[in-house]
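Overview (structure and organization)
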Amino acid sequence: MSAVIEEHHHDGHHHGPDKGIMRWVFTTNHKDIGTLYLWFSFLMFLTGGVLALGIRAELFQPGLQIIQPELFNQLTTMHGLIMVFGAVMPAFVGLANWLVPMMIGAPDMALPRMNNYSFWILPFAFGMLLSTFFMDGGAPNYGWTFYAPLSTDYAPPSVTFFIFAVHMMGISSIMGSINVVVTILNMRAPGMTLMKMPLFVWTWLITAYLLIAVMPVLAGVVTMMLMDIHFGTAFFNAGGGGDPVLFQHVFWFFGHPEVYIMILPAFGVVSAIIPTFARKRLFGYDSMVYAAASIAFLSFIVWAHHMFTVGIPLAGELYFMYATMLIAVPTGVKVFNWVATMWQGAMTFETPMLFSIAFVILFTIGGLSGLMLAIVPADFQYHDTYFVVAHFHYVLVPGSIFSIVAAVYYWIPKWTGNMYDETLGKTHFWLSFIGVNVTFFPQHFIGLAGMPRRIPDYALQFADWNMVSSCGAFLFGFSQLLFLFIVIKCIRGGKKATDQVWEGAHGLEWTIPSPAPYHTFATPPSSMKEAHG
Amino acid sequence: MNRVVQMWQAGLSLLLFSNAALADWSTLNMRQGVTEISRQVYDLHMLIFYVCCVIGVLVFGVMIVSMLMHRKSLGVTPATFHEDTRVEVAWTVIPIAILLVMAVPATNTLRDMYESADSDLDIEVRGYQWKWQYTYLNDDPAKEIQFMSALKTPQNEIQNLEAKGEHYLLDVDNPLVIPIKKRIRFLVTSQDTIHSFWVPDFAVKRDAIPGFVHESWVVVEEPGVYRGQCAELCGKDHGFMPIVVQAVEQADYDLWVAEKQAEAKEVFNTVGKTWTKDELMAKGEEVYLQHCAACHQPNGQGIPPAFPSLVGQGISVGPMGDHIDIVLNGKAGTAMQAFGQQLNPAEIAAVITYERNAWDNDMNELVQPKEINTMMASE
Amino acid sequence: MSGKTEVSKTIRQLILVVVGMFGFGFAMVPLYDVLCDVTGFNGKTAGKYTATEEQDVREDRLVTIQFLASNNANMPWEFRPKVRTMKVHPGKLNTAEFYVRNVTGETMVAQAVPSVTPFLAAEFLHKTECFCFEQQQLEAREDLDMPLRFIIDSQIPEDVKTLTLSYTLYDVTEQFGLATN
C-alpha cells in the first residue's frame, strides 16, 4: 500500500520494498506492518460485524427464528472476542506502527523483526479461534468474559483452542507494546522531550505500559483455567477449595485496564485531528498528558465495579464505587479540553473532523452512562442488562471505532498520496452516525425496562425497541462496506495530496512527502518547530 | 424529594417524548418497584440521570454553539489561546464536587441495603441449569416446603408455532409465594454454574455462586405478581429461567402454606397407590414437557449429540434399570441432571413410563411410584 | 539518539515487568485466600480450631445458627442437617449432626464445602471438628451421621443475630480415588 518512491540513501542497502507477496511475509518496515495490522483489523471488524448481524437478526422479534440458543451464545461470545482482540486492538497497533516513528522523527520501530512476528501471530491466533465454530461442541459460548465454572467445567472441547488463541494474541500484544515503549523512550529526535511529543504518541506510550502490565495477568488467568480443565487443579472450583469469584477478580484486574487500552489511543487520535480542523493548538496539552496518566493509574484500582452483585462486603462496594466515580474527573478534563480547542477556532468539517466531533459527543454519552453504572445501588438494577450493553457499545463503537475511522480518513492521504472522496466520506459518516445511534440508544431503554444480557429471546414488552435496534444494526453494518469502497478507491487514485495535506496540520509526519517514502527520517529532523501540535 | 423528582420527570417526559406510545414509561425507564429500597434505588437512578442530562446539555450546547459560530466559512480568525490554569482547575474541582453530592445518597441507600436485621422468613434460592429451586426453611422438617420453579411458556410459543401469551418467557409452573410486609431473607446459591437471582420490582439482584451462599432481603409493601429473570450467563437456556414472585396478604400466605404442606402429604400418599397406565402417561407427559423437552425436545428427538434422541433408541428402549438410574442420578460429565433431587417419586415414575411408551416407543412397560420410592428411600 | 545498550536495557526492564505481572496473576490466588481468611470476606471458614475450651461464654446472648445442605451438580447423595436451626450461646461448644447417604450402587468419595453468611460472621465461627475437614468415603447404599462441633466466638458483634452455615457436597471420587478398606 505504501508508495514505491525510492529515496536517496547514504547506505545504499534499501531500494524500496520487495516485490510480490513475500514482501508482506518478511517485511520489517513499520509502514508495511502498520498496513498489515490495519487490513487485518478491518477484516476482523467485518467478521465480528457479521456475527453481530446474526445476533440482531435473531433479536429482531421475540421467539426463536433463525438461531437456536446454543449457537446464539457462540455468536455473542465470538463477536465480543473478535471485536475486542481482533478489531479494536490491532487497529490501534496498526496506527501506532504507521504513525509513531514518523511523529517522533525515527526511521522505524526499535525492534523491526519482532514487529513482524507480532503481526503474523495474529492471523494464526484468529484462524484458530474462528475454526472453533466447526469443532465438535462449537465455538466458545461462555461470553467474552468467560467466567468460571461455565468456561471450565461446562465448556465445550474447543475451550483449549480458545485458551491457546488468547495466549498467542497476548504474546503479540506484549511484544508490540515492548516495541512501542522502547521506540518512544529511546528513538525520539533530538529536542523532542517527552512533553513535546504529540499526544497520540503519549497515549500510546501509556497504553503500551498498561498492556505490558495486564496482558500477563490475562495469560495467568487462562493458564489457571487450563490447569483446572486438564490438570485437576481447583483454582475456581469450590469443591477443591477454590472460588469462582477469584476468577472474576483476576479477570477484571486485566479487564478493566483493557477497556482503557481500547480508548486511550482514541483520545490521542482525536487530540491530533480536532486542533488541525479548528486551526488552533490543542488546549491544555500538559493536563491532557496528566489526565491520560491518571486514567491509566486509576484503571488498576477499580476492577470490582464489574462485580457489584457477587456479594462483596459493604466497605468493598463503597470503595470501588468512589474510585470508579473518580475516573470521571480526568475523563471530563479531556472532554472539556477538546471543546476548548474547538472554541474560537476556525473550523471546517471534513470527514475526519466529523468523526472526531461525533466521538466527543457520543463517547461522552457512553461515559455518562458509565457514571450511572458506578452508583452501586442503581447498578443492582443495571448489571447484566442491556443498559450495560448500551454503555460499552457507546464507548467502543462511536468511541474507539469512530476514532480509528477518523484516523484512517485523516492519515490516508499521507499513506497513499491521494485524497479520499470527500462526498463519499461524509455520506459514510452520516450513515454511520445515524446507524450507531439507532442501534444503541434504544438499548438503554430495554435495559432499564428489565431485559437481561446474553439472551436469544425476550419478553414481549421489549419487542419494539429491539426491532428498532436491529434495523439500526443493519444500517450501520452495511454502511461499513461503503468505507471499504472509499478506502480501496483512495488507494487506487484520487486528487493528489500535498505534503501537509490539511491546512491546520502540525507534526513531523506532515513535513515529509505524501505518500510517505518507504524509509523516512533515516537522519533525524533538523527542526522541532513542526513537532508540537 | 419524591414530588420534585416526579415533577421534573413529567416535565422532561413531556418535553422529550410527545408520542403517546412513548409516554408509557415502562418501556423506557426503570420501574419504581414495590419496596422501600426499590423506590430509593429508583430515586437515586433518576437523580444521577438528571445530573448527567444537565452535564450533557451544557457540554453539547457549548459544542453546538461553537460549531455554528466558530467556522472558517464565516471568515473568523482562530484564537491562539491554548491553556488557562484557572479554567482547568475549575473544571477539575467542580466535577469532584458534583461527584461528592452524588456519593452521599448513594452511600446512604447502600448502607440501608446492607443493614442486618432479623428476618421473618428464610428462603433458600438455588439456581440450576435452567430453573430455580426454593426451600422455605423451617425448624420442623415436616413443615419445610421445597419445589422447583421452571419456565412454563410452551416450546411451541418459543418456536413460533403458537401465538405468544401475555407473560411470554416470564411465567413459571410454581411461583415463589411470600407474605407482604414481612422481611424475607433469600439465601442464594447454585447447583452448577453461576446464576443470578434478579427481581427488578424488589431491586434485588444476587449472584448464585456454586459452593457459596449469599444473602439478600426484601420487604414487599404491595401485593402483586413480580417477574424477574436470571441475570448471569449460565449456558444454553440462560434466557429461559424466569423468576415469578407472588406477594400476598399474610392470611393468603398461610392458606398457601397449608395447601403446600397438604400437597406434600398427598404426594407421599400418592406414592403408595397403584396408578393406571393412562394416569402415568398423562402425568408423565406433563412432567416431560416441563422438565425434559427443553433439551430432548417435545417430539423426543433431542439435539444430538449433546441431547440424545429418546425415540426408538438408547435408554428409553433399553433395560428399565438403566433408564431409572439415569433419570434419578443423572450422568456425570453431561448436562443430564439427577432428577431424583428435583422431582417426587410419582413424577419420576410417570415420566419414565411416558418416555418408554410415547412417540414410536412401544415398550408397553410402566413403573409405579412406589417402586421408585423404594429405590430412593431404602435399598 | 541512544545506542543499542539503552534499547537492551529498556527491553530487559520491560520483560521483567511482563514476567513479574504473570507471577502476580498467580500470586493473586494465595493473596486472595489470605485476605479472605483474615477478613472472612467470601464467607469461607477457617480450618480446624485448636482451642477446644469454652471461653467467655455469653449466657446473656443467643445467636441463631441455621444449617443448609445441598449437592453440587450431579452429586446424588442424600444430604441434610439433622436440625435446621440451633440457638446457641457465644463461647459455648456445640454439636450438630448432618445425615448423608450414598444412594448409588458404587463406592464414592465426597467433599463438603462450607460457606457462611453474613460474611462478617465467618471469622467468628470456629469449628473444632467438622466433616468438611476431610473427604468422606461411603460404600454403596451406606449412610452416616456426621458431626460438626463448633464454638461461636464470644466477641461476635452484637448486631449478628442469625448466621447461616451452608455445606455443598461435591463428588470427588475421581480426584481422590478410593481408599482400600
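**A short note on the overall build of chain A**
Per the secondary structure count, chain A includes 16 helices and zero strands. Relative to the globule expectation of 24 Å for 533 residues, the C-alpha radius of gyration of chain A, 23 Å, shows essentially globular dimensions. In terms of overall dimensions, chain A has a C-alpha envelope of 70 × 50 × 45 Å along the principal axes. Per-residue burial for chain A yields a buried fraction of 65% across its 533 residues. Taking the contacts inside chain A whose residues are at least 6 apart along the sequence as the reference set, 82% of them involve residues at least 24 apart.

**Thoughts on the interface of chain A and chain C**
At the junction of the two partners, chain A supplies 27 residues and chain C supplies 27 residues. Sort the elements by how many residues they give to the side of chain A that touches chain C and helix α6 (residues 199-230) of chain A lands first, with eight residues.

**Concerning the confidence of the model for chain C**
Overall, the prediction assigns chain C a mean pLDDT of 86, with 93% of residues at 70 or greater. This prediction of the complex comes with two scores: 0.89 for pTM and 0.92 for ipTM.

**Structural notes on the domain arrangement of chain C**
Domain annotation of chain C identifies domain 1 (1-39) and domain 2 (63-176). Computed over C-alpha atoms only, the centres of domain 1 of chain C and domain 2 of chain C are separated by 40 Å.

**Details of the environment of Met281(B)**
Residue and element names in this part refer to chain B. Turning to its location among the elements, methionine 281 is positioned in helix α6 (residues 277-291). Judged by the 18 C-beta atoms lying within 10 Å of it, methionine 281 falls in the partly exposed class. With residues near it in sequence (within four places) discarded, methionine 281 still touches Thr353, Tyr354 and Asn357.

**So, the packing of helix α10 (residues 314-326) of chain A against helix α3 (residues 85-114) of chain B**
Put simply, α10(A) and α3(B) touch, their axes get as near as 11 Å, and they point 160° apart. By the angle between their directions, the pair α10(A) and α3(B) is classed as roughly antiparallel. With respect to the hand of their crossing, α10(A) and α3(B) are arranged in right-handed fashion. On α3(B), the residues that touch Leu314(A), Glu317(A), Leu318(A), Met321(A), Tyr322(A) and Met325(A) of α10(A) are Leu99(B), Ala103(B), Ala106(B), Thr107(B), Leu110(B) and Tyr114(B). For the contact of α10(A) with α3(B), the residue count by class is ten nonpolar, one polar and one charged.

**Overview of the interface of chain A and chain B**
Facing 78 residues of chain A, the contacting portion of chain B comprises 72 residues. Looking at the side of chain A that touches chain B, the elements that each hand over two or more residues are α3 (69-104), α7 (244-261), α10, α11 (328-342), α12 (351-374), α13 (376-382), α15 (422-449) and α16 (463-492) of chain A. Broken down by element, the residue count for the side of chain A that touches chain B peaks at eight residues, all from α11(A). Residues belonging to the side of chain A that touches chain B are distributed by class as follows: 51 nonpolar, 18 polar and nine charged.

**A look at the sheet that holds strand β10 (residues 243-248) of chain B**
Residue and element names in this part refer to chain B. One open sheet accounts for five strands, arranged β4-β10-β9-β6-β7; its pairing is mixed. If you trace the sheet from one side to the other, it starts and ends with β4 (176-179) and β7 (204-208), each paired once. The average angle at which neighbouring strand axes cross in this sheet is 25°, direction not considered. Relative to β10, β4 runs parallel, the two sharing four bridges. Paired with leucine 176 across the two strands is valine 245, which belongs to β10.

**A word on the nonpolar core**
Membership of the largest hydrophobic core comes to 307 residues, with the highest contact counts inside it found for Ile104(A), Val201(A), Val221(A), Phe359(A), Ile375(A) and Ala406(A). Non-local contacts of Val201(A), meaning those with residues more than four positions away in its chain, are made with Val100(A), Met103(A), Ile104(A) and Ile184(A). One finds Val271(B), Val287(B), Ala349(B) and Ile372(B) within the second-largest nonpolar core, a separate group that totals 22 residues.

**Describing unusual backbone geometry**
Following Ala148(A), the chain continues into Pro149(A) via a peptide bond in cis, with omega recorded as -5°. For the bond from Pro304(B) to Pro305(B), the omega torsion is 0°, close enough to zero to count as cis. One can find Pro305(B) in the loop between α7 (293-296) and α8 (320-329). Notably, Val501(A) is not glycine yet its phi reads approximately 60°, a positive angle. Topologically, Val501(A) is positioned in the segment after α16. Residue class for Val501(A) comes out partly exposed when judged on the 18 C-beta atoms lying within 10 Å of it. If you check the backbone angles, Leu169(B) has positive phi at about 65° while not being a glycine. Secondary-structure assignment places Leu169(B) in the loop between α4 (155-158) and β4.

**Structural notes on α3(B)**
With 30 residues, α3(B) should cover 44 Å at 1.5 Å per step; its first-to-last C-alpha distance of 43 Å lies within 8% of that length. Where α3(B) is buried, its residues touch α9 (285-298), α10, α11 and α13 of chain A together with α2 (36-69) of chain B.

**Observations regarding the environment of Asn357(B)**
Residues and elements named next belong to chain B. With respect to the element layout, asparagine 357 can be found in helix α9 (residues 345-357). Judged by local crowding, asparagine 357 falls into the partly exposed class, with 18 C-beta atoms found within 10 Å. Sequence separation of asparagine 357 and valine 317 is 40 residues, and the distance between their C-alpha atoms is 9.1 Å. Not counting the four nearest positions on each side in its chain, asparagine 357 is found in contact with Met281, Asp362, Met363 and Asn364.

**Concerning the packing of helix α14 (residues 386-416) of chain A against α16(A)**
All names here are of chain A. One can describe the packing of α14 onto α16 by two numbers: an axis separation of 10 Å at closest approach and a directional angle of 15°. Viewed along their axes, α14 and α16 adopt a mutual orientation that is roughly parallel. The handedness of the crossing between α14 and α16 comes out as right-handed. The segment α14 lies against α16, with Val405, Val408, Ile412 and Thr416 engaging Phe483, Val487, Cys490 and Ile491.

**Details of α15(A)**
Taking 1.5 Å per residue as the helical rise, α15(A) with its 28 residues ought to reach 40 Å, and the 41 Å between its terminal C-alpha atoms agrees with that figure. Immediately beyond the C-terminal end of α15(A), within one or two residues, lies Gly450(A), with a positive phi of roughly 120°.

**Digging into the pairing of strand β4 (residues 93-101) of chain C**
Residue and element names in this part refer to chain C. Here strand β2 (residues 78-81) pairs with β4 via four bridges, running antiparallel. Looking at the pairing, arginine 80 lines up with tyrosine 99 of β4. The sheet contact formed by β4 and strand β8 (residues 143-152) spans nine bridges and is antiparallel. The residue of β8 that forms the bridge with tyrosine 99 is aspartate 145.

**Observations concerning the sheet that holds strand β8 (residues 214-219) of chain B**
All names here are of chain B. Read from one edge to the other, the open sheet built from five strands follows the order β3-β2-β1-β5-β8, with strand pairing classed as mixed. The strands lining the two open edges of the sheet, one partner per strand, are β3 (145-149) and β8. If you compare each strand with its neighbour and ignore which way they point, the axes differ by 25° on average. Sheet topology note: the strand β1 (residues 121-128)/strand β2 (residues 131-136) ladder contains six bridges and is antiparallel. Pairing of isoleucine 123 across the sheet is with tyrosine 136, part of β2.

**Regarding the confidence of the model for chain A**
Considering every residue of chain A, the mean pLDDT works out to 94; 96% of them sit at 70 or more. Confidence drops under pLDDT 50 across residues 1-12 of chain A; counting only partners more than four residues distant or on other chains, this segment forms 24 contacts.

Definitions and cut-offs
- Each chain has its residues counted from 1, following the order in which its sequence is written.
- Chains and ligands are labelled sequentially in the order written, the chains with letters from A and the ligands with numbers from 1.
- Totals for whole chains, interfaces and linings use every residue, but because this is a predicted model, local features are given only for residues with pLDDT of at least 70 and side-chain atom pairs only at 80 or more, for both listing and counting.
- Note on conventions: DSSP H or I runs of at least 4 residues are helices, E runs of at least 2 residues are strands, and numbering of each starts at the N terminus.
- The globule rule used here is 2.2 Å times the number of residues to the 0.38 power, and the radius of gyration it is set against is calculated over C-alpha atoms.
- Counting other C-beta atoms within 10 Å of its own, a residue is labelled buried from 20 upward, exposed at 12 or fewer, and partly exposed in the gap between, with every C-beta atom placed from the backbone.
- The contact criterion used here is simple: two residues whose C-beta atoms, placed from the backbone, lie within 7 Å are in contact.
- What pLDDT reports is the predictor's confidence in each residue, on a scale of 0 through 100.
- Note: domain ranges come from an automatic or database domain assignment.
- Simply put, an axis is a line fit to the C-alpha atoms, just over the touching stretch for a helix, and the angle between two N-to-C directions goes from 0 to 180 degrees.
- Oblique is the label for any angle not covered by the other classes, which are roughly parallel (under 35 degrees), roughly antiparallel (over 145) and roughly perpendicular (65 to 115).
- Throughout, a crossing is termed right-handed when the near helix is turned clockwise from the far one, and left-handed when it is turned anticlockwise from it by less than a right angle.
- When residues are grouped by polarity, Ala, Val, Leu, Ile, Met, Phe, Trp, Tyr, Cys and Pro land in nonpolar, Asp, Glu, Lys and Arg in charged, and all others, Gly among them, in polar.
- Any two strands with at least two DSSP bridges between them are considered paired.
- Core membership is restricted to buried Ala, Val, Leu, Ile, Met, Phe, Trp, Tyr and Cys residues, and these are joined into a nonpolar core through C-beta atoms within 7 Å.
- One less than the residue count of a helix, multiplied by 1.5 Å, gives the span that helix is expected to have.

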